[in-house]
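# Survey of secondary and tertiary structure
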Amino acid sequence: AQSVTQLGSHVSVSEGALVLLRCNYSSSVPPYLFWYVQYPNQGLQLLLKYTSAATLVKGINGFEAEFKKSETSFHLTKPSAHMSDAAEYFCAVSLYSSASKIIFGSGTRLSIRP
Amino acid sequence: EAGVTQFPSHSVIEKGQTVTLRCDPISGHDNLYWYRRVMGKEIKFLLHFVKESKQDESGMPNNRFLAERTGGTYSTLKVQPAELEDSGVYFCASSQARGEAFFGQGTRLTVV
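Model, not experiment: these values are computed from the prediction.

Here is what the cut-offs are and how they apply
- Residues numbered from 1 in each chain as written.
- Chains lettered and ligands numbered in written order.
- Predicted model: local features only at pLDDT ≥ 70, side-chain atom pairs only at ≥ 80, totals over all residues.
- Heavy atoms only, no water.
- Pairing = 2+ DSSP bridges.
- Helix = DSSP H or I, 4+ residues; strand = E, 2+ residues; numbered from the N terminus.
- Axes fitted to C-alpha atoms, helices over the stretch in contact; angles between N-to-C directions.
- Disulfide = S-S within 2.5 Å.
- Buried < 20%, exposed > 50% of the residue type's maximum accessible area, 1.4 Å probe, protein only.
- Contact = heavy atoms within 4.5 Å.
- Salt bridge = Lys/Arg side-chain N within 4 Å of Asp/Glu carboxyl O.
- Buried area = accessible area lost by both parts, 1.4 Å probe.
- Polar contact = N/O pair within 3.5 Å; in protein donor to acceptor, adjacent residues only side chain to side chain.
- Nonpolar A, V, L, I, M, F, W, Y, C, P; charged D, E, K, R; others polar.

## Points about the sheet that holds strand β8 (residues 73-78) of chain A
All names here are of chain A. Judged by pairing direction, the sheet is antiparallel, and its five strands sit side by side in the order β1-β3-β8-β7-β6 without closing on themselves. One side of each edge strand has no neighbouring strand; the edge strands of this open sheet are β1 (3-7) and β6 (56-58). Between one strand and the next, the sheet's axes are offset by a mean angle of 20°, whatever the strand orientation. Across three bridges, the pairing between β6 and strand β7 (residues 64-68) is antiparallel. Across the sheet, the residue bridging to L56 is E66, located in β7.

Shown next, in the form of structure tokens:
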């Protein structure tokens, strides 16, 4: 069975500071991992995905995530937070790269302090 | 190109009533998914259509929920009768074969 754990339901950082959102996964087979973002009053949008091609994955809006098999982690980072990054972020895992059931974490709400 | 569209955006109904949610996928997307987020918890998979056929409905909570996809185009999710615990945000997503899943804005259902 697959599962995802996001550490911290709410993270607050100052504008310009490093953003680090933590995600650990559990999977009996090599997983496909995703980060989705939901901005206020919008749908879920794919930020980035890991499909075994490279362990460091770059996504949109300056975000990136690193797949660490030894730690079963897929943490999301951004060097410098912007006010527009305020949103809810979801880590997710799937058996396939796409077009299949996605298992989501409980989400982390990111707030940016001026 | 239009994205995934869900109707209505909000719905408030009384316990015991019936509600039907609609999802219009992106044109040409054979795969359609329903997900639900209850009470700020994780987003959970409900079911997966490939065209008009149910590929996986393992996430459907009980027989009060009925999903259909007429002609392989839009899909409806009916809750009958609705219970308080059905409140949440219902998301629809669509994708081409082996393609990225695109999500709609969701329908917020409140059962009172």
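## Overview of the state of the cysteines
As used here, a disulfide is simply a covalent bond connecting the sulfur atoms of two cysteines. Throughout the structure, instances matching the rule amount to two disulfides over all chains. Between the sulfur atoms of C23(A) and its disulfide partner C91(A) the distance amounts to 1.9 Å. On the sign convention where negative is left-handed, the bridge of C23(A) and C91(A), at about -65° about the S-S bond, is left-handed. Within this pair, whereas C23(A) is found in strand β3 (residues 19-26), its partner C91(A) is found in strand β9 (residues 87-94), the two being separated by 68 residues in sequence. Accessibility assignment for this pair places C23(A) and C91(A) in one class, buried. Residue C23(B) pairs covalently with C92(B) via a disulfide, S to S 1.8 Å. Across the S-S bond linking C23(B) and C92(B), the dihedral sits near -65°, which makes this disulfide left-handed.

## A short note on the environment of V93(A)
Residue and element names in this part refer to chain A. Position of V93 among the secondary structure elements: in strand β9. For the pair formed by V93 and K49, sequence separation is 44 residues and the distance between their alpha carbons is 9.4 Å. For V93, the residues in contact, after removing those within four places along its chain, are Q2, S3, V4, P31, Y32, L33, F34, K101, I102 and I103.

## Some thoughts on the pattern of salt bridges
Residues and elements named next belong to chain A. For the coordinates displayed, the defined rule picks out eleven salt bridges over all chains. Its salt-bridge partner being E88, residue R109 comes within 3.0 Å of it at the nearest N-O pair. Taken together, the residues R109 in strand β11 (residues 108-113) and E88 in strand β9 connect sequence positions 21 residues apart. Judged by relative accessible area, E88 falls into the buried class, the value being 7%.

## Some remarks on the interface of chain A and chain B
Many analyses report the size of an interface as the accessible area lost when the parts associate. The partner chain B presents 23 residues to the 17 residues of chain A that form the contact. Between chain A and chain B lies a buried interface of about 1500 Å² when both sides are counted; carbon and sulfur atoms form 57% of it. In this assembly, chain A and chain B are joined by two salt bridges. Across the pair K101(A) and D56(B) runs a salt bridge whose closest N-O atoms are separated by 3.9 Å. Linking chain A with chain B are four residue pairs in polar contact (both at pLDDT 80 or more). Listing elements by their share of the side of chain A that touches chain B, those giving two or more residues are β4 (32-38), β5 (44-50), β9 and β10 (102-104) of chain A. Grouping the constituent residues of the side of chain A that touches chain B by class yields seven nonpolar, eight polar and two charged.

## Some words on the environment of L47(B)
Residues and elements named next belong to chain B. Here L47 lies in strand β5 (residues 43-50). With ten residues separating them along the chain, L47 and E57 place their C-alpha atoms 4.2 Å apart. If near-sequence neighbours (up to four positions away) are discounted, L47 is found in contact with L32, Y33, W34, K54, D56, E57, M60 and A67.

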